[in-house]
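Geometric and topological summary
Residue strings, one per chain:
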Amino acid sequence: PAHGIPDPAVLVARRRPGHVLEGPFYTSPEIFALDIDAVYAKQWIFVATEPEIAEPGDYVTIDLGRYSVIVLRDDDGQVRALHNVCRHRGSRVLLEERGSVGNLVCGYHQWTYATDGRLLHAGEQPPEFDKACFGLRQVAVRTVGGLIFICLATSPPEDFDDVADRIEPYLAPHDLANTKVAAQVDLVEHGNWKLVMENNRECYHCEAGHPELTCTFFPTYGFALEDIPARLMPAHARYLKAGVDLARACDERGLPHAEIEELTDRSTGFRIQREPLDGAGESYTRDGKAACRKLLGDLDIPRLGRLSMHTQPNAWFHFQADHVVTFSVLPLAADRTLVRTTWHVHRDAVEGEDYDLDHLTEVWSRTNEQDGEFVARTQAGVSSPAFVPGPYSSSEYQVDALVTWYLQRLQEHLGR
Amino acid sequence: PAHGIPDPAVLVARRRPGHVLEGPFYTSPEIFALDIDAVYAKQWIFVATEPEIAEPGDYVTIDLGRYSVIVLRDDDGQVRALHNVCRHRGSRVLLEERGSVGNLVCGYHQWTYATDGRLLHAGEQPPEFDKACFGLRQVAVRTVGGLIFICLATSPPEDFDDVADRIEPYLAPHDLANTKVAAQVDLVEHGNWKLVMENNRECYHCEAGHPELTCTFFPTYGFALEDIPARLMPAHARYLKAGVDLARACDERGLPHAEIEELTDRSTGFRIQREPLDGAGESYTRDGKAACRKLLGDLDIPRLGRLSMHTQPNAWFHFQADHVVTFSVLPLAADRTLVRTTWHVHRDAVEGEDYDLDHLTEVWSRTNEQDGEFVARTQAGVSSPAFVPGPYSSSEYQVDALVTWYLQRLQEHLGR
Amino acid sequence: PAHGIPDPAVLVARRRPGHVLEGPFYTSPEIFALDIDAVYAKQWIFVATEPEIAEPGDYVTIDLGRYSVIVLRDDDGQVRALHNVCRHRGSRVLLEERGSVGNLVCGYHQWTYATDGRLLHAGEQPPEFDKACFGLRQVAVRTVGGLIFICLATSPPEDFDDVADRIEPYLAPHDLANTKVAAQVDLVEHGNWKLVMENNRECYHCEAGHPELTCTFFPTYGFALEDIPARLMPAHARYLKAGVDLARACDERGLPHAEIEELTDRSTGFRIQREPLDGAGESYTRDGKAACRKLLGDLDIPRLGRLSMHTQPNAWFHFQADHVVTFSVLPLAADRTLVRTTWHVHRDAVEGEDYDLDHLTEVWSRTNEQDGEFVARTQAGVSSPAFVPGPYSSSEYQVDALVTWYLQRLQEHLGR
Ligand code: FES
Ligand code: FES
Ligand code: FES
Ligand SMILES: [Fe+3]
Ligand SMILES: [Fe+3]
Ligand SMILES: [Fe+3]
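Residues numbered from 1 in each chain as written. Chains lettered and ligands numbered in written order. Predicted model: local features only at pLDDT ≥ 70, side-chain atom pairs only at ≥ 80, totals over all residues. Heavy atoms only, no water.

Time to look at the packing of aromatic side chains. By convention here, two paired aromatic rings are described through the distance between centres and the angle between planes. One pass over the structure, following the stated rule, counts 51 aromatic pairs over all chains. Taking the centre distance of 5.9 Å and the plane angle of 80° together, the rings of Trp193 of chain A and Tyr406 of chain A count as edge-to-face. Remark: Tyr406 of chain A occurs in helix H9 (residues 397-415) and Trp193 of chain A occurs in helix H5 (residues 193-200); sequence separation between them is 213 residues. For the residue pair Trp193 of chain A and Tyr406 of chain A, the accessibility class agrees, reading buried in each case. Taking the centre distance of 5.1 Å and the plane angle of 90° together, the rings of Tyr40 of chain C and Trp193 of chain C count as edge-to-face. (Phe/Tyr/Trp six-rings, centres within 6.5 Å; stacked < 30°, edge-to-face > 60°. Helix = DSSP H or I, 4+ residues; strand = E, 2+ residues; numbered from the N terminus. Buried < 20%, exposed > 50% of the residue type's maximum accessible area, 1.4 Å probe, protein only.)

Taken together, the contacts link 30 residues of chain B with 35 residues of chain C. Summing both partners gives a buried area of about 2,700 Å² for chain B against chain C, and 57% of it is carried by carbon and sulfur. Ranking the residues of chain B by area buried against chain C places Arg89, Tyr108 and Glu124 of chain B at the top, with a combined share of 30%. Here chain B and chain C share 2 salt bridges between them. Residues Arg89 of chain B and Glu202 of chain C are paired through a salt bridge, measuring 2.9 Å at the closest nitrogen-oxygen approach. The interface formed by chain B and chain C contains 13 residue pairs in polar contact (both at pLDDT 80 or more). Those elements that place two or more of their residues in the side of chain B that touches chain C are helix H3 (29-40), strand S3 (67-73) and helix H9 (397-415) of chain B. Considering each element in turn, the side of chain B that touches chain C owes the most residues, 4 residues, to H3 of chain B. (Contact = heavy atoms within 4.5 Å. Buried area = accessible area lost by both parts, 1.4 Å probe. Salt bridge = Lys/Arg side-chain N within 4 Å of Asp/Glu carboxyl O. Polar contact = N/O pair within 3.5 Å; in protein donor to acceptor, adjacent residues only side chain to side chain.)

Let us now look at helix H4 (residues 160-171) of chain B. An ideal rise of 1.5 Å per residue puts 16 Å on 12 residues; H4 of chain B measures up with 15 Å between its terminal C-alpha atoms. If you follow the buried residues of H4 of chain B, they end up packed against strand S9 (138-144), strand S10 (147-151), strand S12 (260-262), strand S13 (270-275), strand S14 (306-311) and strand S15 (315-319) of chain B. (Expected span 1.5 Å × (residues − 1).)

Within the structure shown, the criterion is met by 3 disulfides over all chains. Note that Cys203 of chain B is cross-linked by a disulfide to Cys206 of chain B, the S-S spacing being 1.8 Å. Here Cys203 of chain B and Cys206 of chain B share a disulfide; its torsion about the S-S bond, -75°, makes the bridge left-handed. In terms of burial, Cys203 of chain B and Cys206 of chain B fall into one category: buried. Free cysteine: Cys292 of chain A, not disulfide-bonded; nearest cysteine sulfur from Cys250 of chain A at 20 Å. (Disulfide = S-S within 2.5 Å.)

What follows deals with the coordination of the iron ion (ligand 5). Residues and elements named next belong to chain B. Protein ligation of the iron ion (ligand 5) involves His205 (NE2), His210 (NE2), Asp371 (OD) and Asp371 (OD), the donor distances falling in the range 2.1 to 2.5 Å. Metal-centred angles of 56 to 147° between the 4 donor atoms at the iron ion (ligand 5) mark the site as irregular. Counting along the primary sequence, the residues that act as donors to the iron ion (ligand 5) give the motif H-x4-H-x160-D. Neither His205 nor His210 differs from the other in exposure class; each is buried. (Donors = N, O, S within 2.8 Å, 3.2 Å for Na, K, Ca; no water. Tetrahedral: all angles 85-135°; square planar, octahedral: opposite > 155°, others 65-115°.)

A few words now on the sheet that holds strand S12 (residues 260-262) of chain A. Residues and elements named next belong to chain A. As summarised here, the arrangement of the 7 strands in space is S11-S17-S16-S15-S14-S13-S12, forming an open sheet in which the pairing is antiparallel. The outermost strands of the open sheet, each flanked by one partner alone, are strand S11 (179-189) and S12. Ignoring which end each strand starts from, the neighbouring axes of this sheet average 15° apart. Pairing between strand S13 (residues 270-275) and strand S14 (residues 306-311): 6 bridges, direction antiparallel. Looking across to S14, one finds that Phe270 is bridged to Thr311. (Pairing = 2+ DSSP bridges. Axes fitted to C-alpha atoms, helices over the stretch in contact; angles between N-to-C directions.)

Given below as structure tokens:
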């Protein structure tokens, strides 16, 4: 009888290096639950940006596995994260995806909490009832460069400090906190969250799969020199030239641009680098020109390529001179995943005047839809018991890194 | 690895008295199956009223977990319950929710059963085939005061006799058997059946949550005197005054009204009491006036408050002088529950003349919808692994009683 | 606690001969998975016909449990079956239900396979990459009389040769390979695949259940003489007369017609027989007259009844002089099953001239829908824990044979 799956520890141990994971990693509800426990409930997860909750009382609610978390700005202007579960009989407290509140009032029996989580009022309680014991439960939260990360664990990974210190100088010039959200799109992809992330971590599929993206994205991304096919050598030549120009422009302005790549062997795996774009070299648009006339922060020229950052397990980011796009990946089920894409422009930019919404969002909207289709096909394929994990090419080394990071987290978790 | 749930016996044993149950009781498919086995398939369950099957051959089909039961009046006028499963190859016999039949004919191969369940005819059988062995399987059924209870167990709890003896004098004056169904509404609530029942067993949420209901329902229901907030003292004063009037009116007519409350420590837990209504004090309407001009049975005045009855695990009832509302709660899945509400008026009452349907049903239709929303929010909240069961206030003592009764049943079941 | 099911081996062992299977065989997801492993992934399964993939490059994709299989005609004209899973990262290769291709190109990273499964091209691979190791995985495939069977096992049952040898002379005269598909209908029935098959294996339900079918199908099918009720004796008399006529017509033409019935005790259980039809005796139409004017192969008269074949576990066939109908049953879930019905007429027949589509498909379309309803009711019924397996009548002996064959396969599988 073959319908059970091997013990996850066995599956982890027998993974063949340089190869795709076995099917159950993408299809088994047990491993999905394990992923939530070992990854999404233990690591730092990117969930929102500061401009999404600009004012005190502003909040977003985030579903993370079976958790619901309120991310909000408290009355003192501090970013907080609270479990969205009433301490009385467990009702959800905030029901909307986003909004603004004075206090947090549970609609069932009107228990009332402050924006910092303290219980302010609970009706008909005996004198010995101690309100101090019944505040909303706190979730660890950190911000860096305007990005908000939460961690559901009671002892969050401590290496976030180090990561924050090293990425902050890259991110700061774009002054994300002083942007506004121009657009946000939620796409439910029909595949496991790891297939979504793996898809993001290579561009082996870009040349044939993403016509809009490859107007500006060099399709040799991740390729070793010796693997670049002849037809892509002109693009590679442009890439080298654009890289030299970009480095000069950055150095003149004191903008850090060197690659840091620590995708494995640490809890908060990450990669950051400022990289050139093709075409006009300014932004992810069809022609590579800036999508927004108002530049971010103190940046004085649009042609600064893309500051690209990856964080394990669930996010990637593109900071350009004119706009910032953030992507967060949240698992819904073994075979369903939410991809939230958010476009930010200067707080004072005026739609229709400084930027056009379709122009701003076209490339990544189309690219996400194309990737969603790849993910769905792969989910269907790896569900077959006949699936045999194949080898990664060298251009897929970051996929291998993601998978390796993931297995390290499982091992840590199972080892305890 | 934390995605399994503890053994149910462990969960039962570690329940903290006076506190809400832990999350898995509301979300786990295993505990849902256990609830069906230990509660819905073992206890007396209210499923219908006699007026729903007024004539011989009239039936309703009831889904109870994975069981389907036919409740019908047989040719001798007796109320019966039969498993809705053909004894040949197992087809459902009756496919509709309600109707009227001469015999019960299985549509697959035409096996034909009498209304008392006996197999009358089965085609192409060998001579040794004994029809007496293949009648539809009987389900235990009891009626009291026109209410129909079934029990799927082969040895139903015996204490029903005692309960029937004690509640019959309260119910009889309303002569439910001589009413007709004026309206029936099925509402699927998105929560566990226990959340639906717990919601019903307290009115801590009524003041803020049920504007229509609290026109006549005193919002201090269940409150200890010392817990009544100042703003509700006027309502409480009206309640005391109305209670005195009601007791006098009942005593003059020989109507029992005293509270009997045996919600725990027995299989057929129940509570019954005749209680006053606010406003005109006659019925659950916006102004408290009767919704139907024809009074029930021999009742001679409309101002007789509400005869309120709760039965564990799945029902509550309001008998007024002019109409009777019954509520039955049937689990569909760990997170989905059917609430069936039925309004009965005098058999001879004429719609549009003696009663208006909207007027009759408004208060409880709205109240049910509001409660459905509370239940859905609570289901969402207690699904979070971060949920910590909170304490009941004194006004929620009947919720605590329901939960205690439930845990007693689980203990009995697991002990065997 | 009673919500687990007994060990499948226990259920197999305690099955009462001559009786329906116990409920879990139809409802348990565990047994559904076992059915896929022990039956659908081990036995020869009928999936398509040669005319469906008439030309090189033509393909159909078949979902079998969690497997997806490409059945195609390769460049050499040979019928092949390949797992529809890319050897790189597992994407489905072909996404449509049917179509025609030159090569098989995976849309994700463009790995390209020949129609025989060989990997022709994989971009950006290192020199040591051996394409010969990464062809699409082959699935065993056999054709007989134009019917295509696949087997997912690495060692398919060997008795197919014997079956093919014996049925080929019956099938060959209808020359299925030179037909075309006139119509194909997929019906999703809401029941377990075994209920679908059991329904097909008896006609105890036909007289009352299939008014269109019984215009030509003798409703005494499967009945022992002594079980035929008086009202069916006229039909039986017609059956005997038509049988004599049919035998003569066949003998004159050298068409084999005798019954072979080996439904159990072998892997590839089957039954074949040429049998008379009522009415005009030519075809499954309302009046029994041929539905298509062009006869198949070299057949010279339309009145040749029906060549009926059953193969375990998932198919039945009706070959008439004018058209062939094939039925394949593919499980989707414990309670959902796909029934694919395909009508074939002479390759040169012209719609609207030689045949009318409604006339051709009416009888079996209606019959399938009626059977789907029986299956759904039975699925609902046997899901009740109160279901007790009843006895088969003698006219249901082929149902008993199917069940017996099935239990033999489970025993073989569990014994290993
Ligand atoms: S559940 Fe929130 S106040 Fe009762
Ligand atoms: S299943 Fe009811 S008569 Fe056969
Ligand atoms: S998955 Fe097919 S080419 Fe990559
Ligand atoms: Fe992509
Ligand atoms: Fe309520
Ligand atoms: Fe049939």
